[in-house]
Amino acid sequence: MKSLFTATLVSAALLFCLVLPSTAIAANEPLTGHWLHEDTSPDGNVSQIVLIFYQSGPKLTGKVVFSWGDLGITDGTTDGHSFHFTVMTPADSEKPAVYDGKLDGDEIEVISRWPGNNNTTYRAKRAPDTTGIALARIPPPALHVVPYNGLAKTPPMGWNSWNHFQEKIDDAAVRGMADAMVASGMRDAGYVYINIDDTWEGQRDAAGNIQTNRKFPDMKALADYVHSKGLKIGIYSSPGPKTCGGYEGSYGHEVQDAKTYAKWGFDYLKYDWCSAGKIYGNEDLQAVYQKMGEALQASGRPIVYSLCEYGMGDVWKWGPAAGANLWRTMGDIGDSWKSMDEIGFNQDRLAEYAAPGHWNDPDMLEIGNGGMTDTEYRTHFSLWALLAAPLLAGNDLRTMSAATKEILLNREVIAIDQDPAGHQAKRISKNGELEVWARPLADGSRAIGLFNRGEREAKVSVKWSDVGMSGEPTVRDLWEHRSLGKVSREYEASVPSYGVVLIKVSPN
Ligand code: GLA
């Protein structure tokens, strides 16, 4: 009897603790709580933004929860009705995103302004306190070395949907890209992979099998179509519960998903960290990537494994041990000189980690997307080839200009990228905005890029002694497609602003 009484007392006390204070808070601090905004995209995917607010008088703290990560609230203020706060955006550490809004019954109205974007207005509903809280952590496996899968002996070449299409990619566009890959001559020049990036994912079925959304009615049929063209096909996922675009990720379903990709006929997986960062830290990166590396190898199909975690945790040091063939070295590329320049000229320190089967990935190509001049795109292509980077076109192959085609189809530059020795270029000299990068090739030649990152045409030169050569080697200009004959001691060229002169120098 006594124990029943005690138990009742304890439960009553518990009930009091759980219920009363939150009611009290709701009355006095009306913004405190979890606020859910849901958006259904045309393909049927439901994405969420959760605003978690703690109001203390005029102060508002908490966070904004996106599918790809959480951003803490800074400088939050409120009068209990209207609110204002900022969050630091991952892309731009100087300019915060600014949020304003107000309470409206059991909803809030939110206006967010992200640097460089228009205002977005949406409403969010009061939701249970579990909304927006990360899933429980599944312990990652113990580390060991995943054996090399024997793939990607030279950097992968192909096409990826993200840079041009983002979420607007569908079955018809992928088929169209496969057709264009053949018709343009790109397949015959070495471009093999047709890679579907984020936003193909649907929900899981009752058995946990991942399904496609409306845009991709039959993945197996699509893979068969791409294969029928003499091409290979790639897919995308995340080790987190959600992809960066807010679609279903592979968290807790790694083995099952790898089997599904193999069953559908996929040959390539890009595996993007995204929301895994809500559950795991940098110390878990290798183990988490190892898990999918092993799952792919157990799937019974050869699948190129591409890691996308923006260079965190010095991925180049452990990528091969996790079973990876390539790994992103930095954040996302944009279709601008500034973005391409920042990424491309920052790869020098990683040269020693590139080798056949294992590549640094400075991100996909922007050539033909319209944000740079053809001169700049030639610089982009030359630099990526020198860096032994994957050559994944990111434009609409069906509507390429002649100039874009000429760049992507320059077989002499492609041959540099695909050189079987797999050495990555290093910076040989830097004189202000003028740089020389050189890459040793399997036949004893050197590929040398004379780059001008400045605003005015300039002369750039290289001494043979600086690239380990002597005598009178033969020089060939790989954009002019012309031999310049034997040249002693050094070579100097006029290089246009933001341009390159790319030469191959062969000993005699
Ligand atoms: C991240 C990746 C991009 C692309 C998007 C898709 O930003 O770095 O390359 O895959 O996710 O959501």
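A quick note: this is a predicted structure, and the numbers were derived from the prediction, not measured. (Residues numbered from 1 in each chain as written. Predicted model: local features only at pLDDT ≥ 70, side-chain atom pairs only at ≥ 80, totals over all residues. Heavy atoms only, no water.)

Chemist: Got a sec to walk through the packing of helix α6 (residues 254-264) against helix α7 (residues 285-298)? Specific residues and values, please.
Modeler: Packing of α6 against α7 leaves a shortest axis separation of 8 Å and a crossing angle of 40°. Overall, the two elements α6 and α7 adopt an arrangement that is oblique. Between α6 and α7 the crossing geometry is right-handed. Every residue of α7 that contacts α6 at E254, V255, D257, A258 and Y261 is listed here: K291, M292, A295 and L296. The class makeup of the residues in the contact of α6 with α7 is 6 nonpolar, no polar and 3 charged. (Axes fitted to C-alpha atoms, helices over the stretch in contact; angles between N-to-C directions. Helix = DSSP H or I, 4+ residues; strand = E, 2+ residues; numbered from the N terminus. Parallel < 35°, antiparallel > 145°, perpendicular 65-115°, else oblique. Left-handed = near helix turned anticlockwise from the far one by under 90°. Contact = heavy atoms within 4.5 Å. Nonpolar A, V, L, I, M, F, W, Y, C, P; charged D, E, K, R; others polar.)

Chemist: Account for the pattern of salt bridges, naming residues and giving values.
Modeler: In this structure the tally under the stated criterion is 33 salt bridges. Ionic pairing is found between K220 and D224, a salt bridge with its closest N-O pair at 3.1 Å. In this pair, K220 and D224 are both assigned in helix α5 (residues 219-228), 4 residues apart and thus about one turn of the helix distant. Take D224: its relative accessible area is 39%, and that puts it in the partly exposed class. Residue E435 is joined to R427 by a salt bridge in which the shortest nitrogen-to-oxygen separation is 2.9 Å. For R427, a relative accessible area of 26% corresponds to the partly exposed category. Salt bridges linked by common partners bring D341, D348, R427, K430, E435 and R453 together as one network. (Salt bridge = Lys/Arg side-chain N within 4 Å of Asp/Glu carboxyl O. Buried < 20%, exposed > 50% of the residue type's maximum accessible area, 1.4 Å probe, protein only.)

Chemist: Provide a residue-level description of the side chain of R204, including the pertinent values.
Modeler: Looking at the secondary structure, you find R204 in strand β11 (residues 201-204). R204 sits in the buried class, given a relative accessible area of 16%. From its side chain, R204 meets the backbone oxygen of G249 in a polar contact 2.8 Å long. Within the structure, the side chain of R204 is placed 2.9 Å from the side chain of D257, a separation counted as a polar contact. Excluding its chain neighbours within four sequence positions, the residues that come into contact with R204 are N209, I210, Q211, E248, G249, S250, H253 and D257. (Polar contact = N/O pair within 3.5 Å; in protein donor to acceptor, adjacent residues only side chain to side chain.)

Chemist: Just give me the short version of the site of the ligand, but keep the residues and values in it.
Modeler: In the region of the ligand, 13 residues are neighbours, and D197, D198, K270, D272 and D332 sit closest. Contact between the ligand and D197: an oxygen atom at 2.6 Å from a side-chain N or O atom of the residue. For the ligand, whose unbound accessible area comes to 310 Å², protein coverage reaches 93%. Its residues assigned to classes, the shell around the ligand shows 6 nonpolar, 1 polar and 6 charged. (Near = heavy atom within 4 Å. Areas by Shrake-Rupley, 256 points an atom, 1.4 Å probe, with all protein chains shown as cover.)

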